[in-house]
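# Descriptive structure summary
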Amino acid sequence: MPKRRHVHDSLHPVRKLLTRNITALRTPDTMAAENLRSLLKDPELLQSKAYVNGQWVDADDGETFTVTNPATGKTLVDVPNMPQSQVRKAIEHAKSTIKSWSAETAYKRQTLLLAWYSAIMANVDDLALILTKENGKPLAEAKTEITYGASYISWFAAEAVRAYGHTVPAVFPGTRNTVIKQPIGVCGMITPWNFPNAMITRKAAPALAAGCTIVIKAPAETPLSALAICALAERVGIPAGVVNVVTVAKGEREQACGLELTTNPLVSKISFTGSTPVGRLLMKQCSSTLKKMSMELGGNAAFIVFDDADLDLAIEGVITSKFRGAGQTCVCANRIFVHAKVYNEFASRLTDRVKAFKVGDPSEEGVTIGPLITEAGVAKVERHVNDAVEKGARILVGGSRPDAPEGSFFYSPTVLADVPRECAVASEETFGPLAALFKFEQEEDVVTRANDTEVGLAGYFFTKDISRVWRVAERLEVGMVAVNTGMISQACIPFGGVKQSGFGREGGRGGLDEYMVEKLVTIGGIA
Ligand code: SIN
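Along each chain, numbering runs from 1 in the same order as the chain's sequence is written. Selection of residues for local features in this predicted model requires a pLDDT of at least 70, selection of side-chain atom pairs for listing and counting requires 80 or more, and totals for whole chains, interfaces and linings are taken over all residues. Side-chain metrics rest on all non-hydrogen atoms present in the structure, leaving aside hydrogens and water.

What counts is decided by this rule: UniProt positions are given in the numbering used here, feature names are shortened, and annotations may be inferred rather than shown by experiment.
Labelled according to an unreviewed UniProt entry, the protein chain appears under the name Succinate-semialdehyde dehydrogenase, originating from Kockovaella imperatae. Per UniProt, the comment on the protein chain under Pathway (unreviewed entry) is "Amino-acid degradation; 4-aminobutanoate degradation."

Quick look at the structure:
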């Protein structure tokens, strides 16, 4: 990585001030711009305007905010910081388009979705580079995300033509009951920065397949991926007003945008992926107009390695689950429970693997761990590590910030052993590259500990005992259980959680229903 300097703890207050929206406080180095457009095969994919009713627009009052590269601190591009009134207009356009879009045949919508899928797949390299530059995940991982994101579009293109209704035998003579499915209406989508592509397609594809129109609030940290796939949606002929993307900076305008989407009576459904506290707020706001909601919120996944586990699989699993996106996924292993009999071997093998990671600029070949998204993200990992070490945990690898360019947000991938139960990492989601190893001896005890959290998104365990597979899978209080694998995410599964990880499922065979309502048509007087 060029221009490295060691960032000591004493510099943290300065780094805290280097937030991406406070232009006046940027140092000359972080003000430097990267010419991302020149690196793209198709420069048109780098959009610096929002997309409303088929038009690429600036903010009505001309306000902008800067998107920066978390690996370099450098500026990528400025995008519109839209006022609430403009979000309202986008909703109104989506509302006035829904009649024509929902009247299209499901086959027409399928054709357009498949064309969108193909356009995304034809531009994987550019889309991945844009994603890497704004989010910081390594290029190879960004490519995987683009393919994963596109798979939601092809899955729901196929589902579009399977929105079956049904008939119900009637109680009353001369009566017939038919249940049809209709699009729910205009959908607001509030999407996260950790999957700037896939969390948009996971929401947009079922909504469009169902016949809904959408207003997407692009993540403030990573709006460029949203705008790039929107440019492709426009290119393949998805009609104006069907897909709208608004961009807002963190702070006042982001809150105003969220408020508009959650309180405007023209919006029928909100789909949100993000933190549990924000989910609670959005739900409160949605109550004023009783919107349907789907919420995929925080996790605190337990990853359990029993003494009969295949350790090769368990090590692969923890690498995938823990370090994907530098630990910034909602399904990341957060608490790694290892049976006392295999604890030392597991810890030592994991440490060797983590030592072999290449940390650096994620757009460089071979880099496997990039930066975190913000200084706040780094500070949280640091707090969890320091807290655990103060309480007796041992650092096996990592445990500090590496040398890195000023204005970037790196934390070294870290393994901690002998983490005591009462540490912050046991109860809070770290959302960073920290593997915290806890020891256990009894199945009953580890299942109780795994369930001892208010959230319940994903859970992982490794064992060769088939009875235990069923016993533990059924007892874990989560929406998704992975046995002998660290990878859950696929378009064909119902993705979602229980407890305070939210409700609703994305993907899978029920995914389309999240965007449809059942309507009964009962007909009497049939002779
Ligand atoms: C998330 O972190 O919210 C989604 C992760 C995934 O789809 O794998």
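## Structural notes on the site of the ligand
What counts here: If a single non-hydrogen atom of a residue is within 4 Å of a molecule or strand, that residue counts as near it. A 3.5 Å cut-off defines polar contacts: any pair of N or O atoms within that distance qualifies, except that in protein one atom must be a possible hydrogen donor and the other a possible acceptor, and neighbouring residues in sequence count only when both atoms are side-chain atoms. The Shrake-Rupley method, run with a 1.4 Å probe sphere, supplies the accessible areas, and residue values consider only the shown protein chains as cover. Amino acids outside the nonpolar list (Ala, Val, Leu, Ile, Met, Phe, Trp, Tyr, Cys, Pro) and the charged list (Asp, Glu, Lys, Arg) are all regarded as polar, and Gly is one of them. Bear in mind that the domain bounds are from an automatic or database domain assignment.
In the region of the ligand, the neighbouring residues are Tyr148, Asn194, Phe195, Met199, Arg202, Thr273, Glu296, Arg324, Thr329, Cys330, Ser489 and Phe495. Here an oxygen atom of the ligand and a backbone polar atom of Cys330 are 2.7 Å apart. Isolated, the ligand exposes 250 Å² of accessible area, and the fraction of that covered by the protein chains is 100%. Of the residues that constitute the shell around the ligand, the class distribution is five nonpolar, four polar and three charged. Each of domain 1 (40–297 + 506–516) and domain 2 (302–490) contributes no fewer than three residues to the shell around the ligand.

## Some points on the UniProt feature "domain: Aldehyde dehydrogenase" (unreviewed entry) in the protein chain
The following threshold applies: Runs of H or I in DSSP of at least four residues are treated as helices and runs of E of at least two as strands, each being numbered from the N terminus.
UniProt marks residues 56–520 with the feature "domain: Aldehyde dehydrogenase" (unreviewed entry), using the numbering shown here. Between the C-alpha atoms that bound residues 56–520 the distance is 40 Å, and the span itself is 40% helix and 21% strand.

## Details of the pattern of salt bridges
Where we set the bar: For this document, the term salt bridge refers to a Lys or Arg side-chain nitrogen within 4 Å of an Asp or Glu carboxyl oxygen. Exposure categories follow from relative accessible area, calculated using a 1.4 Å probe and restricted to protein chains: below 20% of the type maximum is buried, above 50% is exposed, and the middle band is partly exposed.
Overall, the coordinates contain 35 salt bridges when judged by the stated rule. Ionic pairing is found between Asp307 and Lys341, a salt bridge with its closest N-O pair at 3.6 Å. Here Asp307, found in the loop between strand E13 (301–305) and helix H11 (311–323), pairs with Lys341, found in the loop between strand E14 (333–339) and helix H12 (343–355); they are 34 residues apart in sequence, far enough to count as distant. Among the residues examined, Asp307 registers a relative accessible area of 29% and is labelled partly exposed. The partner of Arg449 in a salt bridge is Asp445, and the shortest N-O contact between them spans 3.4 Å. In this pair, Arg449 and Asp445 are both assigned in helix H15 (residues 443–450), four residues apart and thus about one turn of the helix distant. Salt bridges sharing partners connect three or more residues here, namely Arg202, Lys203, Glu296 and Glu506.

## Things to note about helix H10 (residues 276–286)
Our working rule: The contact rule is simple, with two residues in contact once any of their heavy atoms fall within 4.5 Å.
By the burial criterion, the buried members of H10 are Thr276, Gly279, Leu282, Gln285 and Cys286. Close packing links the buried residues of H10 with strand E8 (186–190), helix H9 (252–263), strand E11 (267–273), strand E12 (292–296) and strand E19 (455–456). Here H10 starts with a cap whose side-chain oxygen sits 3.3 Å from the backbone nitrogen of Val278, and that cap is Ser275.

## A closer look at the UniProt feature "active site" (unreviewed entry) in the protein chain
UniProt annotation of "active site" (unreviewed entry) refers to Glu296 when read in the numbering used here. Tracing the sequence through the fold places Glu296 in strand E12. For Glu296, a relative accessible area of 4% corresponds to the buried category.

## A short note on the pairing of strand E10 (residues 243–246)
In regular strands, side chains alternate between the two faces of the sheet. What counts is decided by this rule: Two strands are counted as paired when DSSP detects at least two bridges linking them. Handedness of a crossover is defined as follows: orient the strands so they point away from the viewer, and if the path from the first strand over the helix to the second runs clockwise, the crossover is right-handed.
Where burial is concerned, the two faces of E10 agree: the one with Val243 and Val245 and the one with Asn244 and Val246 are both buried. The pairing of strand E9 (residues 214–217) with E10 spans four bridges and is classified as parallel. Considered in E10, the bridge of Ile216 is made with Val245. Each parallel crossover has a hand, and the one from E9 via helix H8 (residues 223–235) to E10 is right-handed.

## Digging into the sheet that holds strand E24 (residues 516–523)
The following threshold applies: Lines fitted to C-alpha atoms define the axes, with helix axes restricted to the stretch in contact, and inter-axis angles between N-to-C directions lie between 0 and 180 degrees.
Pairing is antiparallel in the open sheet, where three strands are placed in the order E6-E7-E24. This sheet does not close on itself; its edge strands, each paired only once, are strand E6 (166–168) and E24. Between one strand and the next, the sheet's axes are offset by a mean angle of 30°, whatever the strand orientation. Taken together, the three bridges between E6 and strand E7 (residues 176–183) define a ladder with antiparallel strand orientation. Counterpart to His166 in the pairing with E7 is Val179.

## Section: the pairing of E8
Taking burial as the measure, the five residues of E8 include five buried ones, the bulk of the element. Residues Val186, Gly188 and Ile190 line one face of E8 and the alternating positions Cys187 and Met189 line the opposite face, and both faces are buried. As paired elements, E8 and E11 share five bridges and run parallel to each other. Residue pairing in the sheet places Val186 in a bridge with Val267 of E11. Across four bridges, the pairing between E8 and E9 is parallel. Across the sheet, the residue bridging to Ile190 is Lys217, located in E9. Handedness of the crossover joining E8 and E9 through helix H7 (residues 198–210): right-handed.

## Some details on the domain arrangement of the protein chain
Note the following rule: Values labelled buried area give the accessible surface lost by two parts on being combined, using a 1.4 Å probe and summing over both.
Domain annotation for the protein chain reports domain 1 (40–297 + 506–516) and domain 2 (302–490). Here the C-alpha centre of domain 2 lies 31 Å away from the C-alpha centre of domain 1. The interface of domain 1 with domain 2 comprises 25 residues on the first partner and 27 residues on the second. Buried surface at the junction of domain 1 and domain 2, summed over both partners, amounts to about 1,900 Å²; 61% is from carbon and sulfur atoms. For domain 1, the biggest contributors to the area lost against domain 2 are Pro70, Ala71 and Trp193; these three give 26% of the whole. Summed over the shared surface of domain 1 and domain 2, the number is one salt bridge. When the shortest N-O distance is used, the salt bridge between Glu454 and Arg280 registers 3.5 Å. Here domain 1 and domain 2 share four residue pairs in polar contact (both at pLDDT 80 or more) between them. Elements supplying a minimum of two residues to the side of domain 1 that touches domain 2: helix H5 (124–135), helix H6 (139–160) and H10. With five residues, H5 is the single largest residue contributor to the side of domain 1 that touches domain 2.

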